[in-house]
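Here is how the chains run, residue by residue.
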Amino acid sequence: FEVIGAPIFDDRNMLKGGILVLYDITELKKLERMRKDFVANVSHELKTPITSIRGFSETLLEEDINDKDTARHFLSIINEESKRLQMLIQDLLTLSRLEKEDSQVRLSKVNLIKIIEEVIQVLNIHLEQKEIAFKVNVPKELIFMAELTSVKQIMINLLENAIHYTPKGGEVRIHAVDEEEFIHIIVKDTGIGIPAESLSRIFERFYRVDKARSRNTGGTGLGLAIVKHIVELHQGKIEVESEVDVGTTFHIYFPK
Ligand code: ADP
């Protein structure tokens, strides 16, 4: 609480009482803390790959490394870490664009199945590598008003996660239904699942269920924050249900 007080005097200048105003600044403090946490998180996420790039490149420059394989190994780490930085910066820019106060969606007619086909061309290699069965049950004629690039981004982020967090030989399904008020899109996997205590936090920026594992295996920790933002800009909603070692299902509702 922030407290502001002042005495009250009567006609003869005698103290009559006082006024005390209590401002509830919980929300303000919370926002301020979130902002500070975000800056600290971004700095940390940027620092980790940069430290590694510097370390390996300096070793390559300063030491006489004759072994070609070792040199190549160092170079591949530098390459991976710079890709990581690029992904992170890309996601940060996307988030900042979405967060602009005057950020508006440019609606056009979106054909979901077309988007899925495009996205799968990019992700197919991962599906094949992990021998994941991919099943789509989306009516061809399903068209709704939304921002094309945003819907694509949502599908990429959800499908990347579904593939990433599903062990070899699993299954990923997309299902879409034209409901009365909403277009309901369901992305379901048979992956590792999310523990109940983490479910409410996965849409937070940089929140990861298993910090060490997720960071090592690639994601930026911003994917779902971006998805939620986009859905909300469309006045839609997103829900998740999950069971550890059984799988995860995301539901997205776009208003018609
Ligand atoms: P990341 O880049 O780490 O995947 P996201 O914002 O996309 O970041 O997701 C946040 C966290 O939610 C992930 O680190 C992971 O722990 C969990 N998660 C997201 N999608 C799934 C999924 N389909 N199955 C299991 N866990 C998931």
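Cut-offs applied
- Residues numbered from 1 in each chain as written.
- Predicted model: local features only at pLDDT ≥ 70, side-chain atom pairs only at ≥ 80, totals over all residues.
- Heavy atoms only, no water.
- Helix = DSSP H or I, 4+ residues; strand = E, 2+ residues; numbered from the N terminus.
- Contact = heavy atoms within 4.5 Å.
- Near = heavy atom within 4 Å.
- Polar contact = N/O pair within 3.5 Å; in protein donor to acceptor, adjacent residues only side chain to side chain.
- Salt bridge = Lys/Arg side-chain N within 4 Å of Asp/Glu carboxyl O.
- Buried < 20%, exposed > 50% of the residue type's maximum accessible area, 1.4 Å probe, protein only.

Asker: In this structure, what is going on with the side chain of Asn111? I would like to understand it.
Answerer: Looking at the element boundaries, Asn111 is found in strand β3 (residues 108-111). Leave out the neighbours within four places in its chain, and Asn111 touches Lys140, Leu142 and Ile143.

Asker: Explanation requested: the site of the ligand in the structure shown.
Answerer: The ligand sits among 18 residues. The nearest are Asn161, Tyr165, Asp189, Gly221 and Leu224. Residue Leu224 places a main-chain N or O atom 2.9 Å away from an oxygen atom belonging to the ligand. Note that a nitrogen atom of the ligand is positioned 3.5 Å from one of the side-chain N or O atoms of Thr248.

Asker: Teacher, can you tell me more about the pattern of salt bridges here?
Answerer: It is possible for side chains bearing opposite charge to pair when their charged atoms get close. A complete count under the given rule lists 15 salt bridges for this structure. For the salt bridge of Glu147 with Arg106, the shortest nitrogen-to-oxygen distance reads 3.7 Å. With Glu147 in the loop between β5 (143-146) and α4 (148-164) and Arg106 in the loop between α2 (68-99) and β3, this pair connects stretches of sequence that are 41 residues apart. Under the relative-accessibility criterion, Glu147 is labelled buried at 6%. Note that Asp178 and Lys256 form a salt bridge whose closest N and O atoms lie 2.4 Å from each other. A residue pair is termed long-range when its members are at least 10 positions apart, and Asp178 in strand β6 (residues 171-178) and Lys256 in the segment after β9 (247-255) qualify at 78 residues.

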